[in-house]
Amino acid sequence: MPENNLKGRRFPEKLAKPALRALEGAGYFTIEQLAGATEAELLDLHGMGPNAMAKLRKAMADRGLTFKV
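Enquirer: What's the story with helix α1 (residues 17-25) in this structure? I'm lost.
Expert: Because the α-helix completes a turn every 3.6 residues, residues three or four places apart line up on one side. Buried within α1 are the following residues: Ala19, Ala22 and Leu23. Projected down its long axis, α1 shows its buried positions confined to an angular sector of 95°, all on one face. Exposed side of α1, more than 90 degrees from the buried face: Lys17, Arg21 and Gly25 are the residues found there. Residues of α1 that are buried in the fold lie against α2 (39-43) and α3 (50-62). Where α1 terminates, the next one or two residues include Gly27, which has phi positive at roughly 95°.

Now the structure itself:
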């Protein structure tokens, strides 16, 4: 079972369960970790779609973060 006691903020509460499972399955447990990934990499995960990406983009922007280019 992964350790979820990492420092950083979890994902948005309204993120769909399939997207959440996809992110956690790929080893992402905080918003800050997503700054090391490209949008294309995340969209390749089964369960991630445009709605989830929009929520993640906003959550990251609220924290002054962006996806890797």
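From this point on, the discussion continues.
Enquirer: I'm lost on α3 in this one. Help?
Expert: Taking 1.5 Å of rise per residue, 13 residues should cover 18 Å, and α3 covers 18 Å from first to last C-alpha, within 8% of that figure. If you follow the buried residues of α3, they end up packed against α1 and α2. Backbone geometry just downstream of α3 places Gly64 in the positive-phi region, at approximately 75°.

Enquirer: Would you explain the nonpolar core in this entry?
Expert: Side chains of nonpolar character tend, in soluble globular proteins, to be buried together. The biggest cluster of nonpolar side chains holds 17 residues, and the ones touching the most others in it are Phe11, Leu23, Leu34, Leu42, Met48 and Leu56. Every element with two or more residues in this core is listed here: α1 and α3. Here the element with the most residues in this core is α3; it accounts for 5 residues. The residues touching Leu42, leaving out its near neighbours within four places in the chain, are Leu23, Tyr28, Leu34, Ala37, Met48, Met53 and Phe67.

Enquirer: For this particular structure, what's the right way to read the environment of Met48?
Expert: Its place among the elements puts Met48 in the loop between α2 and α3. Other than its neighbours up to four places away in sequence, Met48 contacts Ala19, Ala22, Leu23, Leu42, Leu43, Met53 and Leu56.

Rules of the game
Residues numbered from 1 in each chain as written. Predicted model: local features only at pLDDT ≥ 70, side-chain atom pairs only at ≥ 80, totals over all residues. Heavy atoms only, no water. Buried < 20%, exposed > 50% of the residue type's maximum accessible area, 1.4 Å probe, protein only. Helix = DSSP H or I, 4+ residues; strand = E, 2+ residues; numbered from the N terminus. Arc of directions from axis to C-beta. Contact = heavy atoms within 4.5 Å. Expected span 1.5 Å × (residues − 1). Core = buried A, V, L, I, M, F, W, Y, C linked by side-chain atoms within 4.5 Å.

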